[in-house]
Amino acid sequence: MKLTTKLMSAVAGVALLSGAQAAMADGHGLTVGYFLEWPMPFQYAKVNGTYDEALGAPVTWVSFDTGTAMSAAMASGDVDISVSQGVPPFVVATSAGQDIQILDVAVSYSENDNCVVASGLEIDKDSAGELAGKKVAVPLGTAAHYGFLSQMNHFGVDITSMSVVDMAPAEGAAALAQGSVDMACGWGGALRTMKEAGNILLTGAEKEALGILVFDVTSAPAGFVAENGDMAAKFLKVTADANAMWADEANHAKMLPVIAKDAGMDEAATASTLAGFAFPSIADQLGGTWLGGGAQTFMKGVADVFVEAKSIDAALESYEATVNTGPLQAASEM
């Protein structure tokens, strides 16, 4: 397996930060990482200053390209909370010893994260074995990376026979369109672009049936949470309220334009992306399927897959300690 960039390089430094350096919170405010072209209800509250009002302090928002870059920013102290960090990059960081914790389930999705095969190859799920020896663009240590490994394992494709190039989704989409890679993996707007040049192997439902789950979390350094538990709880409460607001379709007309603009997308693409997202309620998140045990078990599975693929050196014996439901429980009582 040819890896142009080692997974843990993103954890070691902040060079992968997209755009300008994140501003440090001044002790009274909060610095939060998020993704552009990844529309979510929290952005309605973000734009309207609801977080600032609830926290009684300003929130500085910094956009990222990957979840691994979020890990790097949290490691350096540049970001206090990361919204919608993929589970795989979270697992990569914690497996390497980074002390960050999951605070909530930001979004559950399956159709919005996938791999696309160049249309010229005419390869589908019935002929996926032909991918052996092919070149693929994958953002390493992300949900797309885990999905790629899991799908290739399902199809019996030898990963070591493939040339795997570490590329952010947008770069992978461009490479696929140019014909410089045979397959590319990613999410959001980049995935939509990829589909213009190829086809997916498995639908979201087919992936879920195989146990290939895809969900993101809100994460934060353990030290920050220990010192700012009340602030974290208030932040999660605003997010949950925004999700509940979006759950009522009567609010879509006023929320959609705001979310789309903040995400840097047109309204049609935003609506299409959100249609494939699910935002579990606090009660559901605290249940067994998610933070009550399911997420911890799933993370162990992700880590074991990465170890087998030699993408990380070792997995933790358990990921129970990487989940802190305290702030979310407190948010449920607000």
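About the thresholds
- Residues numbered from 1 in each chain as written.
- Predicted model: local features only at pLDDT ≥ 70, side-chain atom pairs only at ≥ 80, totals over all residues.
- Heavy atoms only, no water.
- Helix = DSSP H or I, 4+ residues; strand = E, 2+ residues; numbered from the N terminus.
- Rg over C-alpha atoms; globule rule 2.2 N^0.38 Å.
- Buried < 20%, exposed > 50% of the residue type's maximum accessible area, 1.4 Å probe, protein only.
- Contact = heavy atoms within 4.5 Å.
- Areas by Shrake-Rupley, 256 points an atom, 1.4 Å probe, with all protein chains shown as cover.
- Lys, Arg positive; Asp, Glu negative; His and termini not counted.
- Charge placed at Lys NZ, Arg CZ, Asp CG, Glu CD.
- Salt bridge = Lys/Arg side-chain N within 4 Å of Asp/Glu carboxyl O.
- Core = buried A, V, L, I, M, F, W, Y, C linked by side-chain atoms within 4.5 Å.
- Pairing = 2+ DSSP bridges.
- Expected span 1.5 Å × (residues − 1).
- Arc of directions from axis to C-beta.

S.K.: Looking at this structure, I do not really get the overall build of the protein. What am I missing?
M.R.: Summing up its helical and strand segments, the protein has 16 helices and eleven strands in all. A globule of 334 residues ought to have a C-alpha radius of gyration of about 20 Å, and the protein, at 19 Å, matches this closely. With respect to the three principal axes, the spread of C-alpha positions in the protein is 55 × 45 × 40 Å. In the protein, which comprises 334 residues, the proportion classed as buried is 54%. Pairs at least 24 apart in sequence give 80% of the contacts found in the protein among residues at least 6 apart. Per element, the accessible surface of the protein, about 13,200 Å² overall, is 50% carbon and sulfur. Across the protein, the mean location of the 15 positive side-chain charges is 4 Å away from that of the 38 negative side-chain charges.

S.K.: For this particular structure, what's the right way to read the pattern of salt bridges?
M.R.: When the charged atoms of two side chains lie near each other, side chains of opposite charge can form a pair. Within the structure shown, the criterion is met by five salt bridges. As a salt-bridge pair, Glu-206 and Lys-125 come within 2.7 Å of each other at their nearest N and O atoms. Of this pair, Glu-206 sits in helix H9 (residues 204-209) while Lys-125 sits in the loop between strand S5 (113-118) and strand S6 (135-138), placing them 81 residues apart in sequence. The class of Glu-206 is partly exposed, set by a relative accessible area of 25%. Where Asp-241 meets Lys-237, a salt bridge forms, and the shortest distance between an N and an O atom there is 3.3 Å. With Asp-241 and Lys-237 both in helix H11 (residues 229-247) and four residues apart, this pair spans about one turn of that helix. A residue is classified by how much of its surface remains accessible, and Lys-237, at 24% relative accessible area, is partly exposed.

S.K.: Honestly, the nonpolar core in this entry has me stumped. Any pointers?
M.R.: In summary, soluble globular proteins display a tendency toward joint burial of nonpolar side chains. In this structure, Phe-148, Met-152, Met-162, Met-183 and Phe-235 are the most contacted members of the largest nonpolar core, which totals 93 residues. The dominant element in this core, judged by the number of residues it contributes, is H11, at eight residues. Formed by twelve residues, the second largest nonpolar core is a distinct cluster that contains Ala-118, Ala-173, Leu-191 and Ala-197.

S.K.: Mind showing me how you'd approach the pairing of strand S4 (residues 100-109) here?
M.R.: Strand residues, when the strand is regular, have side chains that alternate between the two faces of the sheet. In terms of burial, S4 is a largely internal element, ten of the ten residues being buried. Alignment of S4 against strand S10 (residues 215-221), held across seven bridges, turns out to be antiparallel. Counted as the bridge partner of Ile-102 is Ser-219 from S10. The sheet contact formed by S4 and strand S11 (residues 277-278) spans two bridges and is antiparallel. Bridge pairing in S11 places Ser-108 opposite Ala-278.

S.K.: What exactly am I supposed to notice about helix H12 (residues 252-263) here?
M.R.: Since the α-helix advances by 3.6 residues per turn, residues separated by three or four positions end up pointing in the same direction. Spanning twelve residues, H12 covers 15 Å between terminal C-alpha atoms, matching the ideal 16 Å at 1.5 Å per step. For H12, the complete set of buried residues consists of Met-255, Leu-256, Ile-259, Ala-260, Asp-262 and Ala-263. Along the long axis of H12, the arc covered by the buried residues comes to 165 degrees, so they all point the same way. Summarising the geometry of H12, the exposed residues directed more than 90 degrees from the buried face are Ala-253 and Lys-261. Just downstream of H12, Gly-264 is the residue with a positive phi angle, here 75 degrees.

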